[in-house]
Amino acid sequence: MMIDKQLVGCVTLLTQSKTYWINGNLYRYLSSSDSIKHTQYYFRTLPRQSKSADLKLNRDKVLRRCYEVPSLYNQHTAEISAIR
């Protein structure tokens, strides 16, 4: 299956209403930590993905590995709960 995706160009554009493709799985952005120097960005897998663990990435990894999937805007069903 070919997924139309585009690399995230800036971490300030991350939003909970978008779906992201990271390392072959679909994720929903949850939140970021409050550290200016070493901010961490938290993602939760969408249902029926091969991985089920939450993902924590730093800014550089987000900018290299995180792709926005425009065709799946507001299509996820992930629930926000406590970050594991």
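Residues numbered from 1 in each chain as written. Predicted model: local features only at pLDDT ≥ 70, side-chain atom pairs only at ≥ 80, totals over all residues. Heavy atoms only, no water.

## Digging into the sheet that holds strand E5 (residues 55-58)
Stated formally: For two strands to pair, DSSP has to find at least two bridges joining them. Runs of E in the DSSP output that reach at least two residues are strands. Runs of H or I that reach at least four are helices, and both are numbered from the N terminus.
If you trace the six strands from one edge of the open sheet to the other, you get E1-E6-E2-E3-E4-E5, paired in antiparallel fashion. Lying at the two open borders of the sheet, with one neighbouring strand each, are strand E1 (6-7) and E5. The pairing of strand E3 (residues 25-32) with strand E4 (residues 40-45) spans five bridges and is antiparallel. Its bridge partner lying in E4, Arg-28 is registered against Arg-44.

## Some details on the side chain of Thr-39
Definition in use: Residue contacts are counted whenever heavy atoms from the two residues lie within 4.5 Å of one another.
Within the fold, Thr-39 resides in the loop between E3 and E4. In contact with Thr-39, not counting residues within four places along its chain, are Ser-32, Ser-33, Leu-57, Asn-58 and Arg-59.

## Here's the deal with the packing of aromatic side chains
Cut-off, in case you're wondering: When two rings of Phe, Tyr or Trp (its six-membered ring) have centres within 6.5 Å they constitute a pair, described as stacked for plane angles under 30 degrees, edge-to-face for angles over 60, and tilted for the intermediate range. Two limits define a charge over a ring: the Lys NZ or Arg CZ must be within 6 Å of the ring centre, and within 35 degrees of the ring normal.
Here the structure, examined in full by the defined rule, presents three aromatic pairs. Members of the aromatic cluster, each reached through a chain of ring pairs, are Tyr-20, Tyr-29 and Phe-43. Its guanidinium or amino end placed over the ring of Trp-21, Lys-5 lies 4.5 Å from that ring's centre, counting from NZ or CZ.

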